[in-house]
Amino acid sequence: MSQARWPGSPEGPFRLEHVPEGSRYELSEGHAIYCAPAGPKHAEPHGVGPAVVGSDPARPRVGVDVGHALSDKILRAPDLSVGDWGDGEGTWATKAPPLAIEYAAQGQDEADLQLKIKQLLAGGSRFVWVVRLQGPRRVEVYEPGRPMQTKLPGERLEAPGVLKGRPLVEALYDPEAASEQTLQNLLERKGYAGLDAVREEGEARGEARGREEGLREGKAEGLRAGVLDLCEALGLEPSPAQHAALAVMGVGELEALRKALKQTKRWPG
């Protein structure tokens, strides 16, 4: 198995055409890098990340293990690619993703990870987030020309121009936090600031509906009283069945009944 190129070592012999789609290899300056299957501690957090970034109100493009051809000798596949990375006519994406997310767990090849970060940033990535799953949970934020920043649980991540939201660090690996962030994102897509805003709107609609129903019922009661007064003036005595029907009539029916009584001087039917 080939390893990443160390500084000063010669380039490897491999090129993009040597790596078929679906291969478990990346290329680093002509050297083949084997990408081992993910273990459970890596796979579960890797699974929640796409929902968090994919539901962002900016509606970014999100891909898992997308191969990015950064040169004829460099092919890199971040765990998550976010943003516009170009399609081209070949097998691989034609440029680096604006935001690349890597999950680093036990057994991570740190030397290759650092080289991969440099290659992605040099290839056009604006942000690389490394989610550390070994040791204290944290996210390392890399940007071109800036020192690495470490974000801890409870702090928020930002990728201006790629994501509109500011997900919590733990939303990238904790299923519960990821669900909350995803819900928040989806609500914002619909124009709500959060779940409280949905509740407040529902309560306001309920109150308005209650007022409308109260007004309708009040008008109906007034019409019932008017119908009974009219019956009395006409010398009509509604039967028990007519009283029962009168009690369940709506505004429209009561208005029609009053009109009929005035015209015919008798109970319809």
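Quick caveat, the model's predicted, so the values are computed rather than measured.

To find the voids left in a structure, one rolls a probe of water-molecule size over its atoms. Overall, the coordinates contain one cavity of 30 Å³ or more when judged by the stated rule. For the largest cavity, the calculated volume is near 30 Å³. Lining the largest cavity are V52, V53, D56, L163, G165, P167, Q181 and N185. For the lining of the largest cavity, the secondary structure elements donating two or more residues are α1 (40-54) and α3 (175-189). Residue composition of the lining of the largest cavity, by class: four nonpolar, three polar and one charged.

What follows concerns the pairing of strand β9 (residues 138-142). Counted residue by residue, β9 has four buried out of five residues, so it is predominantly covered. For strand β8 (residues 127-132) and β9, the ladder comprises five bridges, and the chain directions are antiparallel. Looking at β9, one finds that V131 is bridged to V139. Taken together, the three bridges between β9 and strand β10 (residues 149-151) define a ladder with antiparallel strand orientation. Across the sheet, the residue bridging to V139 is K151, located in β10.

Another point: the sheet that holds strand β6 (residues 80-82). Pairing between the strands of a sheet comes from backbone hydrogen bonds, and it takes one of two forms, parallel or antiparallel. A sheet is described by the order of its strands in space; here six strands give the open sequence β3-β6-β7-β8-β9-β10, paired in mixed fashion. Two strands bound the open sheet, and with one partner strand each, they are β3 (62-64) and β10. Strand after strand, the sheet turns through a mean of 20 degrees between neighbouring axes, direction not considered. Packing against the sheet, helix α2 (residues 110-122) makes contact with β7 (99-104), β8 and β9, and its axis sits at approximately 160 degrees to β8.

Take the pattern of salt bridges next. Taken as a whole and judged by the stated rule, the model has 11 salt bridges. Sharing partners across several salt bridges, the network here consists of E110, R132, R138 and E140.

Its 13 residues place the ends of α2 18 Å apart at the C-alpha level, agreeing with the 18 Å of an ideal helix rising 1.5 Å per residue. Every buried residue belonging to α2 is among D112, L113, L115, K116, I117, Q119, L120 and L121, and all of these are buried. Taken from the residues just after α2, G124 is the one with a positive phi, measuring 125 degrees.

A separate point is helix α6 (residues 251-264). For α6, with 14 residues, the first-to-last C-alpha span of 20 Å sits near the 20 Å given by 1.5 Å per residue. For α6, the set of buried residues is L254, L257 and L261. When α6 is viewed along its axis, its buried side chains cluster within an angular range of 60 degrees and face the same direction. Structural note: α6 exposes K259, K262 and Q263 on the side pointing more than 90 degrees away from its buried face. Immediately downstream of α6, the backbone of K265 shows phi near 60 degrees, a positive value.

Rules behind the numbers
Residues numbered from 1 in each chain as written. Predicted model: local features only at pLDDT ≥ 70, side-chain atom pairs only at ≥ 80, totals over all residues. Heavy atoms only, no water. 1 Å grid on protein atoms, 1.4 Å probe; cavity = no way out; pocket = protein on both sides within 12 Å on 5 of 7 lines; lining within 4 Å. Points joined across faces, edges and corners; volume = space filled by probe spheres on them. Helix = DSSP H or I, 4+ residues; strand = E, 2+ residues; numbered from the N terminus. Nonpolar A, V, L, I, M, F, W, Y, C, P; charged D, E, K, R; others polar. Buried < 20%, exposed > 50% of the residue type's maximum accessible area, 1.4 Å probe, protein only. Pairing = 2+ DSSP bridges. Axes fitted to C-alpha atoms, helices over the stretch in contact; angles between N-to-C directions. Contact = heavy atoms within 4.5 Å. Salt bridge = Lys/Arg side-chain N within 4 Å of Asp/Glu carboxyl O. Expected span 1.5 Å × (residues − 1). Arc of directions from axis to C-beta.

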